[in-house]
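Architecture and fold: a report
Residues per chain are reported as follows:
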Amino acid sequence: MDDERPLTILFAPESAYGPTNHCIGLGNILLKRGHRVVFASESSWKNRLEPLGFVEALIDLAEPPADPSGDLDAGKFWADFIAETAPEFRKPTLAQLESFIQPTYQALIDGAMYCEPHLREIIAEHKPDVIVQDNVVGFPALTTTDAPFVRIMSCNPLEVRGDKVPPTFSGYPVADQRGWEAYRAEFDRTLRPMWATFDGWVQEQGAEPLPDLEFIATSKVANIYLFPAEADYAGLRPLDSTWHRLDSSVRETDAAFELPDVVRDRPEGSGLVYLSLGSLGGADVDLMQRLVDVLATTRHRYIVCKGPPADRLPLADNMYGDAFLPQARIIGQVDLVITHGGNNTTTEALHFGKPMIVLPLFWDQYDNAQRIDELGFGRRLSTYSCTDRELTGAVDALLADQDLRERLARIGEQIRSRDGLRKGAAILEHVAQRQRAGSR
């Protein structure tokens, strides 16, 4: 007889909004199917997950402040880190390996080491049927229990390396291999000592050795990545049968959004544009203000996600904005998306069939920007050095390109028909049910 008790699914996402929102979307589907969903999230998410129906089992990634009064902004741990390192974003990706990528990995490693004992306590308390991690650094507590481990990779799929695809985080084109080997050599030089120390610690916690120069283990059961087939690298770097692609994963928990008058009532021939550099990119107020000032000179209308420092970012008369907006409800209503190239926003824009201008800052954003540009789905611009005319010209050109907009609309229909959100939830449900059946 089948065991019809609700399953317990434990998500352990990276603290940033992108991975957490991806897990929220999957978790919401599992809740609707009657299961119990636990989030082992960083403590700044307190009181933000429970209202959605999830169990909060929060962790600290560092020593908590002496005065814990007041709610932290969700994702504050990484927002503060990014704000402090923002000057590095002006450097080319090769230079960022030492000045940004290595310190970021080290901060992630430090967090994994700090929370390891508490994570083990959480797992012992909640006894999950499956453990799901969406992060770029592994936590041994998640892979050394009886519950099966599923890895989610919600970054650009170049995170899984291959000889025929550009190096991870490089932003280099697929069709031009100049610079690939130099980048890989610098990646090795910069990161190998830190990786070796981390790999040793991982094994001391009872986990298997990490793959060479990789900071997280691949699951033997199921691995999930988020990227539509129309933009994927699958033909260049095949993945084994444990990998499952979600073409999109647009959460259904965002509130409804009605266009305000200031952007709904537009002059003839003008477009509606969504501007967001994400919760982390938005911390660069000077950059955001420059974009606002330049876009204010156009005839178009803009919805602006201002990010945490919203009170320091005044908008122009042709704009509406707020600190945080229900992005998944907005993108489908606009004509163009200006984005930093975070994987969630990139895949959501393709889900709704929208062209993009991508202004990358760090991590896999350069890979997404390059992929969108080389596939003709939008434009990659230099975030800090593009001219006013380059930015406004790209906006005008993409809004006027009716052939591209119709092509992307068709692609969006195909992506939505594959329903990646429910596919991902079904994979997790299947793994958990198989585990429970095997343990009886």
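An account of the accompanying structure is given in this report. Only a predicted model underlies this, so the values are computations on that prediction, with no experimental measurement involved.

Within the largest apolar cluster, 104 residues are counted, with the highest numbers of intra-cluster contacts made by Tyr105, Ile303 and Ile357. Top element by residues in this core is helix 3 (residues 93-126). It accounts for 11 residues. Counting 27 residues, the second largest nonpolar core, distinct from the first, contains Phe11, Ile224, Leu421 and Ile427.

A separate point is helix 8 (residues 285-295). With eight of its 11 residues buried, helix 8 lies for the most part within the structure. Where the residues of helix 8 are buried, they touch strand 8 (272-276), strand 9 (301-305), strand 10 (319-322), strand 11 (336-339) and helix 12 (388-400).

Take the side chain of Ser41 next. Summarising the element assignment, Ser41 is placed in the loop between strand 2 (36-39) and strand 3 (55-56). Contact partners of Ser41, with chain neighbours within four places excluded, come to Pro13, Leu49, Ala57, Leu58 and Ile59.

Attention now goes to helix 13 (residues 402-418). Compared with the 24 Å implied by 1.5 Å per residue over 17 residues, the 25 Å span of helix 13 between its first and last C-alpha is a close match. For helix 13, every residue scored as buried is listed here: Leu404, Leu408, Ile411, Gly412 and Ile415. Along the long axis of helix 13, the arc covered by the buried residues comes to 110 degrees, so they all point the same way. Residues of helix 13 that are exposed and point more than 90 degrees away from the buried face comprise Asp403, Glu413 and Ser417. Close packing links the buried residues of helix 13 with helix 10 (343-351) and helix 12. Positioned one or two residues after helix 13, Asp419 has a phi angle of 50 degrees, which is positive.

Turning our eyes to something else, we now look at the packing of aromatic side chains. Each aromatic ring pair is summarised here by two numbers: the centre-to-centre distance and the angle between the ring planes. Summed over the entire model, instances satisfying the criterion amount to 17 aromatic pairs. Taking the centre distance of 4.7 Å and the plane angle of 45 degrees together, the rings of Phe39 and Phe54 count as tilted. With a gap of 15 residues between them, Phe39 in strand 2 and Phe54 in the loop between strand 2 and strand 3 connect regions that are remote in the sequence. Look at Phe257 and Tyr320: their rings are 6.1 Å apart centre to centre, the planes differ by 50 degrees, and that puts the pair in the tilted class. Of this pair, Phe257 sits in the loop between strand 7 (243-246) and helix 6 (261-264) while Tyr320 sits in strand 10, and the two are 63 residues apart along the sequence. Residue class for Phe257 comes out buried when judged on its relative accessible area of 15%. Residue Tyr320 is classed as partly exposed on the basis of its relative accessible area, which comes to 27%. Taken together, the ring pairs connect Tyr105, Phe169, Phe198, Trp201, Phe215 and Trp363 into an aromatic cluster.

Reading guide: rules and limits
Residues numbered from 1 in each chain as written. Predicted model: local features only at pLDDT ≥ 70, side-chain atom pairs only at ≥ 80, totals over all residues. Heavy atoms only, no water. Core = buried A, V, L, I, M, F, W, Y, C linked by side-chain atoms within 4.5 Å. Buried < 20%, exposed > 50% of the residue type's maximum accessible area, 1.4 Å probe, protein only. Helix = DSSP H or I, 4+ residues; strand = E, 2+ residues; numbered from the N terminus. Contact = heavy atoms within 4.5 Å. Expected span 1.5 Å × (residues − 1). Arc of directions from axis to C-beta. Phe/Tyr/Trp six-rings, centres within 6.5 Å; stacked < 30°, edge-to-face > 60°.

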